[in-house]
Amino acid sequence: MTKLNIRLKGDKILRQKAEPIKNPQKKDIQKLAQNMTKTMNQENGIGLAAPQVGLSKRLICVKNKDGDLILINPKITKKSWLKNMAEEGCLSIPGVFGPVKRHKSIIVKAKNLKNKSIKFKAKGLLARVIQHEVDHLNGILFIDKIEKNVSKTKNERKI
């Protein structure tokens, strides 16, 4: 496994909509998932999207209590009405943190690495991380969603 380079704010790929993956069982997709997981763990991240490592692919990896979760072509099909605010950061924007409002729970549909369709409910931190990573697949960064009416922290003023 190889640790990948994380693209930083300003890189054009972070603002592009990622391309769907047609065959999750292809060797290059399997290897990408392994390398992304290694990179996320070595960088002490809790989520990573393929555009963050320079690839326009709809693939994310997320830390979960049961281990690392790989989601291919993830779609959020349902969102709770209730939202909560929490501070977020991003491996592509080091040193910057800010409050972001997200849905408390979501329903997610995706494919796994065996090309099997999966559907599950995520809540709490897992729901927040999946929403953050799916935003990456759509060219959206968390700094686009920072709540402006909350008192600013020192790090937010750097944006």
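From a predicted model like this one, the values you see are computed outputs, not experimental measurements.

J.: What exactly am I supposed to notice about the overall build of the protein chain here?
T.: When you go through the protein chain residue by residue, the secondary structure sums to two helices and seven strands. Walking the protein chain from its N terminus toward its C terminus, one meets helices and strands in the order α-β-β-β-β-β-β-β-α. If one aligns the C-alpha atoms of the protein chain with their principal axes, the spans along those axes are about 45 × 35 × 25 Å. Across the 159 residues of the protein chain, 43% fall into the buried class. Sequence separation of 24 or more characterises 66% of the internal contacts of the protein chain that already satisfy a separation of 6 or more.

J.: Would you mind showing me how to read the sheet that holds strand S6 (residues 105-111) here?
T.: Across a sheet, paired strands are connected by hydrogen bonds in the backbone, their directions being either parallel or antiparallel. Sheet architecture is open: five strands sit in the order S1-S2-S3-S6-S7, paired in antiparallel fashion. Edge strands, defined here as strands with exactly one partner in the open sheet, are strand S1 (47-49) and strand S7 (117-123). Taken over all neighbouring pairs, the strand axes of this sheet differ in orientation by 40 degrees on average, direction set aside. For strand S3 (residues 67-79) and S6, the ladder comprises five bridges, and the chain directions are antiparallel. Residue Lys78 lies in a different strand from S6, and its bridge partner there is Ile107. Along the sheet, helix H1 (residues 27-42) contacts S1, strand S2 (59-64) and S3; its crossing angle with S2, the most-contacted strand, is approximately 45 degrees. Of the strands in this sheet, S1, S2, S3, S6 and S7 are in contact with helix H2 (residues 124-137), which crosses S2 at around 160 degrees.

J.: Would you take a moment to explain H2 for this structure?
T.: In an α-helix, one turn spans 3.6 residues, which is why side chains three or four residues apart end up on the same side. In this model, H2 (14 residues) spans 21 Å end to end at C-alpha, consistent with the 20 Å of a helix rising 1.5 Å per residue. Judged by how many residues are buried, H2 sits mostly within the fold: twelve of 14 residues are covered. Among all positions of H2, only Leu126, Ala127, Arg128, Val129, Ile130, Gln131, His132, Glu133, Val134, Asp135, His136 and Leu137 are buried. One or two residues past the end of H2 sits Gly139, with phi positive at roughly 75 degrees.

Rules used in this analysis
Residues numbered from 1 in each chain as written. Predicted model: local features only at pLDDT ≥ 70, side-chain atom pairs only at ≥ 80, totals over all residues. Heavy atoms only, no water. Helix = DSSP H or I, 4+ residues; strand = E, 2+ residues; numbered from the N terminus. Buried < 20%, exposed > 50% of the residue type's maximum accessible area, 1.4 Å probe, protein only. Contact = heavy atoms within 4.5 Å. Pairing = 2+ DSSP bridges. Axes fitted to C-alpha atoms, helices over the stretch in contact; angles between N-to-C directions. Expected span 1.5 Å × (residues − 1).

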